[in-house]
Amino acid sequence: MRRVARSYLSGNRRVRVLEDLDLDLPAGQRLAIMGRSGSGKTTLLHLAGVMDTPDSGEIRIAGRAVQDLGEPFRTRLRAREIGLVFQDFNLMDSLSVADNIGLPLWLNGIRDSGRVGRLAEQLAVGDLLARYPWQLSGGEKQRVAIARALVHRPRLVLADEPTGALDEETAADVLALLAQATDEAGVAVLVVTHSEQAAGICNRRLLLATGRLQEAPAVAVK
Ligand SMILES: Nc1ncnc2c1ncn2[C@@H]1O[C@H](COP(=O)(O)OP(=O)(O)OP(=O)(O)O)[C@@H](O)[C@H]1O
Ligand SMILES: [Mg+2]
């Protein structure tokens, strides 16, 4: 990201959330972004996930300037290369757990139902495949959302508070899986988190404050 700005109109007031923000995320890196509530972490993640467009500045993914791509290309880039764990999970209520997890495979025309089952087992939601999202606990939804973000083996994994709904022990298992699944060469990971435990799987951490990223202090802000 180069000189990225994103603001929102709130009534007739413009709220500047990101301003003149630069970010490099090389392939193979796991980056933690921390910062207080409202600092713009989710806004940044949605921009990185091609879910949103900056007011100005440039965002390149794998060399392509994404704001110059037409919507069909943006959609394809999202579906193929990106796995996003939303802060509020964003599961599809009309689809079963199995179909939620398998959605990225379906979108990419990949037939491999074994992958859904294996990943669900690894995230301890293997017994819940026939259920629907409203029949799940918050932590179960979160693990289904993580499975969906990894199932198509994306090159860019974006995770917004991926352990926010999990106890410490479950979080440790999920983070180990996230680390393992992204240890393959070339996968870049951006984790937004308030948790030291989640930042612990990352090899770099940055703090988002006043619209920009800065090197985070060794002991992170809780
Ligand atoms: N659609 C919107 N319209 C207006 N303001 C918005 C919108 N989305 C976010 N904001 C504002 O932008 C700021 C940044 O929001 P964002 O969700 O990116 O914060 P965050 O760092 O993810 O916070 P949290 O840690 O609470 O999840 C907040 O002040 C928020 O109120
Ligand atoms: Mg947020």
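Just so it is clear, the structure is predicted and the values come from calculations on it, not from any experiment.

**Q** For the overall build of the protein, give the residues involved together with the corresponding values.
**A** Check the secondary structure of the protein and you find 7 helices and 11 strands. Here the protein has a C-alpha radius of gyration of 17 Å; the compact-globule value for 222 residues is 17 Å, and the two agree. C-alpha atoms of the protein, sized along the principal axes, occupy 45 × 40 × 40 Å. Out of the 222 residues in the protein, the part that is buried amounts to 50%. Summarising the internal contacts of the protein: among those between residues at least 6 apart in sequence, 68% fall at separations of at least 24. With an accessible surface of roughly 11,100 Å², the protein has 48% of that area assigned to carbon and sulfur atoms. Once the 28 positive and 27 negative side-chain charges of the protein are each reduced to a mean point, those two points are 5 Å apart.

**Q** Residues and numbers for the packing of aromatic side chains, please.
**A** The tally for this structure, following the rule as stated, stands at 1 aromatic pair. Ring centres of Tyr-132 and Trp-134 lie 5.2 Å apart, and the angle between their planes is 25°; on these two criteria the pair is classed as stacked. Exposure remark for Tyr-132: the relative accessible area of 30% places this residue in the partly exposed category.

**Q** Describe the coordination of the magnesium ion (ligand 2), listing the residues and the values that go with them.
**A** Around the magnesium ion (ligand 2), the protein contributes the donor atoms Thr-42 (OG1) and Gln-87 (OE1), which lie 2.0 to 2.3 Å from the metal centre. Highlighted residues: Thr-42 in helix H1 (residues 41-48) and Gln-87 in the loop between strand E7 (82-85) and helix H3 (97-107), separated in sequence by 45 residues. For Thr-42, a relative accessible area of 23% puts it in the partly exposed group. Since its relative accessible area comes to 44%, Gln-87 is described here as partly exposed.

**Q** Outline the nonpolar core, supporting the account with residue identities and numerical values.
**A** In globular proteins that are soluble, nonpolar side chains generally tend to be buried together. Counting residues in hydrophobic clusters, the biggest one holds 40 residues, and the most contacted among them are Ile-101, Leu-119, Leu-123 and Val-144. The set of elements that each furnish at least two residues to this core consists of strand E3 (30-34), H3, helix H4 (113-122), helix H5 (138-150), strand E8 (156-160), helix H6 (168-181), strand E9 (188-192) and helix H7 (196-199). Formed by 28 residues, the second largest nonpolar core is a distinct cluster that contains Leu-18, Ala-48, Val-50 and Leu-190.

**Q** Just give me the short version of the site of ligand 1, but keep the residues and values in it.
**A** Close to ligand 1 lie Tyr-8, Val-17, Arg-36, Ser-37, Gly-38, Ser-39, Gly-40, Lys-41, Thr-42, Thr-43, Gln-87 and His-194. Ser-37 is positioned with one of its side-chain polar atoms (N or O) 2.5 Å from an oxygen atom of ligand 1. Between an oxygen atom of ligand 1 and a main-chain N or O atom of Gly-38, the distance comes to 2.8 Å. In isolation ligand 1 has 650 Å² of accessible area, and contact with the protein removes 60% of it. Ranked by the residues each element gives to the shell around ligand 1, the list is headed by H1, at 3 residues. Along the lines of polarity and charge, the residues of the shell around ligand 1 split into 2 nonpolar, 8 polar and 2 charged.

**Q** I'd like a description of a negative patch on the surface, backed by residues and values.
**A** Residues Asp-167, Glu-168, Glu-169 and Asp-173 make up a contiguous surface patch of negative charge. Mapped onto the fold, Asp-167 is located in the loop between E8 and H6. Judged by relative accessible area, Asp-167 falls into the partly exposed class, the value being 44%.

**Q** Quick rundown of the sheet that holds strand E11 (residues 212-215)? Include the residues and the values.
**A** Within the open sheet, the 6 strands sit side by side as E7-E8-E9-E3-E10-E11. Their pairing is mixed. Unpaired on one side and paired on the other, E7 and E11 mark the two borders of the sheet. Neighbour to neighbour, the strand axes of the sheet diverge by 20° on average, direction disregarded. As judged from the 4 bridges shared by strand E10 (residues 204-209) and E11, these two strands associate in the antiparallel manner. Across the sheet, residue Leu-207 finds its bridge partner in E11, namely Gln-214. Of the strands in this sheet, E7 and E8 touch helix H2 (residues 71-81), which is tilted by about 75° from E7. Sheet strands touched by H5: E7 and E8. Its angle to E7, the strand with the most contacts, is close to 170°.

Cut-offs applied
- Residues numbered from 1 in each chain as written.
- Chains lettered and ligands numbered in written order.
- Predicted model: local features only at pLDDT ≥ 70, side-chain atom pairs only at ≥ 80, totals over all residues.
- Heavy atoms only, no water.
- Helix = DSSP H or I, 4+ residues; strand = E, 2+ residues; numbered from the N terminus.
- Rg over C-alpha atoms; globule rule 2.2 N^0.38 Å.
- Buried < 20%, exposed > 50% of the residue type's maximum accessible area, 1.4 Å probe, protein only.
- Contact = heavy atoms within 4.5 Å.
- Areas by Shrake-Rupley, 256 points an atom, 1.4 Å probe, with all protein chains shown as cover.
- Lys, Arg positive; Asp, Glu negative; His and termini not counted.
- Charge placed at Lys NZ, Arg CZ, Asp CG, Glu CD.
- Phe/Tyr/Trp six-rings, centres within 6.5 Å; stacked < 30°, edge-to-face > 60°.
- Donors = N, O, S within 2.8 Å, 3.2 Å for Na, K, Ca; no water.
- Core = buried A, V, L, I, M, F, W, Y, C linked by side-chain atoms within 4.5 Å.
- Near = heavy atom within 4 Å.
- Polar contact = N/O pair within 3.5 Å; in protein donor to acceptor, adjacent residues only side chain to side chain.
- Nonpolar A, V, L, I, M, F, W, Y, C, P; charged D, E, K, R; others polar.
- Patch = residues over 30% accessible without salt bridge, like charges linked within 9 Å, V, L, I, M, F, W, Y side chains within 5 Å.
- Salt bridge = Lys/Arg side-chain N within 4 Å of Asp/Glu carboxyl O.
- Pairing = 2+ DSSP bridges.
- Axes fitted to C-alpha atoms, helices over the stretch in contact; angles between N-to-C directions.

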